[in-house]
Amino acid sequence: MRQALFIPMTEAASVPSSPAAALIDGKAFAATLRQRLAEQVAVLRTEHGIMPGLAVVLVGEDPASQVYVRNKGRQTLECGMNSFEHKLDAGTSEADLLGLIGRLNSDPQVHGILVQLPLPAHMDANKVINAIDPTKDVDGFHILNVGLLGTGQKAMVPCTPLGCLMLLRDRLGKLEGLSAVVVGRSNIVGKPMAQLLLGDGCTVTIAHSRTQDLASVVRQADIVVVAVGRPEMVRGEWIKPGATVIDVGINRVERDGQNKLVGDVHFDSAAAVAGALTPVPGGVGPMTIACLLANTLTACCRNHGLPEAGLAA
Ligand code: NDP
């Protein structure tokens, strides 16, 4: 059944067509989340004299990573938190990077540590991530946090899946009993997303590049989360009428001589069938940084034995 147009919290983002489905406005949701975080940070500062701090480490000059790091730093400061940026030369040795992580682990001003991926080829990303103090691992990639999430315990939850979960809960309320298909099985998005949906009582299928007849697998789902990195791969014909579709993909394509961002879902055909879906840009993307800030606040509260703000999962 087609659901009425529903825009959470504020206005819809502008989109290329007039969809029949509701637009899940991640940009507005993230702005409201950041505002609430800023209010809680202000309370921490005035009542407890504590300033949450996020350290971001960038190795090398990858242009996309530089943009991400700049945005993270700006939004961290806007929320009233401390931002510590460490930019290292691409030729930095793994030992030097591990040394920096060791210093950040023991720095009481730093509550969250994020090492921007990808790292240069001469570094072992798993070794680097697992050197981060798990209580400061605001990306949620440390093996201990992966294990805690997988066993349903209190963990640092990876930011992009956490943002998707928040949007789904805001749109659908309780997710219990719904059937969910996650397309993509990466450690960063697909697998933790599936764990979170399982934790909320969904019946979860994880699809990937070896899945047979992907279209009919997707068509079973009330909730579809797509994180494959293939422009507009999932089409409206694959989607169950009324399903909620979360498009994690960010793909830069050339259209009519212009550079454009598109998701992993074909927006126009999906919008004609889905009950609700996220646009690209303006859907999941803005939620990722907002959840990084939420995780930093959570880490800070846990570190100081204070009640958590209750914003994260
Ligand atoms: P990965 O490349 O790590 O994983 C992609 C997954 O998609 C793999 O599991 C792969 O399967 C699967 N896949 C690839 N092709 C197909 C296919 N034809 N059919 C079914 N499954 C397929 O990507 P990420 O998870 O890191 O990212 C996915 C997308 O999300 C990218 O566009 C990325 O830019 C975006 N992203 C967006 C973020 C945001 O903040 N909005 C944050 C992180 C990522 P297999 O394992 O079998 O190879």
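As a reminder, the structure under discussion sits directly above these lines.
Attention in this report is confined to the structure presented alongside it. (Residues numbered from 1 in each chain as written. Predicted model: local features only at pLDDT ≥ 70, side-chain atom pairs only at ≥ 80, totals over all residues. Heavy atoms only, no water.)

The subject of this paragraph is the site of the ligand. With respect to spatial proximity, 21 residues lie near the ligand, and among them R185, S186, S209, R230 and T288 are the closest. The separation between an oxygen atom of the ligand and a polar side-chain atom of S186 is 2.6 Å. At 3.0 Å, a side-chain N or O of R230 approaches a nitrogen atom of the ligand. The class makeup of the residues in the shell around the ligand is 8 nonpolar, 10 polar and 3 charged. (Near = heavy atom within 4 Å. Polar contact = N/O pair within 3.5 Å; in protein donor to acceptor, adjacent residues only side chain to side chain. Nonpolar A, V, L, I, M, F, W, Y, C, P; charged D, E, K, R; others polar.)

Angle between the axes and distance between the axes are the two parameters that describe a pair of packed helices. Here helix α2 (residues 63-78) crosses helix α10 (residues 285-303) at 50°, and the two axes come no closer than 10 Å. When the axes of α2 and α10 are compared, the pair comes out oblique. Of the two elements, α2 crosses α10, and the hand of that crossing is right-handed. Seen from α2, the contacting residues are N71, K72, Q75 and T76; seen from α10, they are I289, L292 and L293. The class makeup of the residues in the contact of α2 with α10 is 3 nonpolar, 3 polar and 1 charged. (Axes fitted to C-alpha atoms, helices over the stretch in contact; angles between N-to-C directions. Helix = DSSP H or I, 4+ residues; strand = E, 2+ residues; numbered from the N terminus. Parallel < 35°, antiparallel > 145°, perpendicular 65-115°, else oblique. Left-handed = near helix turned anticlockwise from the far one by under 90°. Contact = heavy atoms within 4.5 Å.)

For α2, built from 16 residues, the straight-helix expectation of 22 Å at 1.5 Å per residue is met to within 8% by its first-to-last C-alpha distance of 23 Å. Taken as a whole, α2 has its buried residues at S65, V69, K72, G73, Q75 and T76. In this fold, the buried residues of α2 make contact with α1 (26-48), β2 (53-59), β3 (82-88), β4 (112-115) and α10. Two residues or fewer past α2, G80 is found with a positive phi of approximately 90°. (Expected span 1.5 Å × (residues − 1). Buried < 20%, exposed > 50% of the residue type's maximum accessible area, 1.4 Å probe, protein only.)

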